[in-house]
Amino acid sequence: QVQLVESGGGLVQPGGSLRLSCAASRSIFSLYFMGWYRQAPGKQRELVVRINSRGVTNYADFVKGRFTISRDVAQNTIDLQMNSLKPEDTAVYYCYGFETGTTYWGQGTQVTVSS
């Protein structure tokens, strides 16, 4: 088992930046994937970005060039740097981790992009 806790959400103006963090309760070394999903009101949850245990990343097209994921195995954390935010980025952002047969989710953090 691993608990994931997100932080760093909030309200930001269009064009602004936010940094989300996800802290794991134990070593993330065994997690094959970690990453971020998001869910906007009335929409399905969608993958934003993931990073595997070798550091290989996969970004959704709608965030390429704007968002950057990073992983700190020593601190058991992953971060998501979000730049050039748009109103359509407004959603609850969920950290997740995957190991064989099991997906873990954080509780989510709200990101609102509005003027």
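Below, the structure is looked at part by part. (Residues numbered from 1 in each chain as written. Predicted model: local features only at pLDDT ≥ 70, side-chain atom pairs only at ≥ 80, totals over all residues. Heavy atoms only, no water.)

A closer look at the overall build of the chain
Note the cut-off: Helix numbering and strand numbering both begin at the N terminus, where a helix is a DSSP run of H or I of at least 4 residues and a strand a DSSP run of E of at least 2. Radius of gyration: over C-alpha atoms. The globule rule applied is 2.2 Å multiplied by the number of residues raised to the 0.38 power. When accessible area is computed with a 1.4 Å probe and restricted to protein chains, residues below 20% of their type maximum are described as buried, those above 50% as exposed, and intermediate ones as partly exposed. Throughout, a contact is declared for two residues whenever any of their heavy atoms are within 4.5 Å. In this tally, Asp and Glu contribute negative charge and Lys and Arg positive charge; neither His nor the terminal groups of the chain are included. All charge positions are set by atom: Lys at NZ, Arg at CZ, Asp at CG, Glu at CD.
What the chain contains, in helices and strands, is zero helices and eleven strands. Going from N to C terminus, the chain has its helices and strands arranged as β-β-β-β-β-β-β-β-β-β-β. Taking 2.2 N^0.38 as the reference for a compact globule, 115 residues should give roughly 13 Å; the C-alpha atoms of the chain span a radius of gyration of 13 Å, in line with that estimate. In terms of principal-axis extent, the alpha carbons of the chain reach across some 40 × 25 × 20 Å. Counting over 115 residues, the chain shows a buried share of 42%. Sequence-distant contacts, at least 24 apart, represent 53% of the contacts inside the chain between residues at least 6 apart. Distance between charge centroids for the chain: 4 Å, based on 11 positive and 8 negative side chains.

Some remarks on the sheet that holds strand 1 (residues 4-7)
Rule in force here: By the convention used here, strands pair only if DSSP detects at least 2 bridges between them. Interaxial angles span 0 to 180 degrees and are taken between N-to-C directions of axes, which are lines fitted to C-alpha atoms, for helices over the stretch in contact.
Spatially, 1-3-8-7 is the arrangement adopted by the four strands of the open sheet, whose pairing is antiparallel. Two strands in the sheet have a free side with no partner beyond their single neighbour: strand 1 and strand 7 (67-72). Across the sheet, the mean angle from the axis of one strand to that of its neighbour is 15 degrees, orientation sign disregarded. As defined by bridge partners, strand 1 adjoins strand 3 (residues 18-24) across four bridges and the pair is classed as antiparallel. Residue pairing in the sheet places Ser7 in a bridge with Ser21 of strand 3.

Thoughts on the environment of Thr109
Quick note on the threshold: Any pair of nitrogen or oxygen atoms within 3.5 Å is treated as a polar contact; in protein, a donor-acceptor pairing is required on top of that, and neighbouring residues in sequence qualify only through side-chain atoms on both sides.
By secondary structure assignment, the location of Thr109 is in strand 11 (residues 109-113). When the C-alpha positions of Thr109 and Cys22 are compared, they lie 10.0 Å apart, and in sequence the two are 87 residues distant. If we skip the residues at most four places from it in the chain, Thr109 touches Glu6, Gly8, Gly9, Leu20, Ala91, Val92 and Tyr93. For Thr109, the side chain forms a polar contact with the main-chain nitrogen of Gly9, separated by 3.3 Å.

Examining the packing of aromatic side chains
How we decide: What counts as a ring pair is set by centres within 6.5 Å for rings of Phe, Tyr and Trp (its six-membered ring), and what kind of pair is set by the plane angle: stacked under 30 degrees, edge-to-face over 60, tilted for all other angles.
Following the criterion strictly, the structure yields four aromatic pairs and no others. Ring centres 5.2 Å apart and planes at 80 degrees place the aromatic pair Tyr37 and Tyr96 in the edge-to-face group. One end of the pair, Tyr37, is in strand 4 (residues 33-39); the other, Tyr96, is in strand 9 (residues 91-99), and 59 residues separate them in sequence. Judged by its relative accessible area of 7%, Tyr96 is buried.

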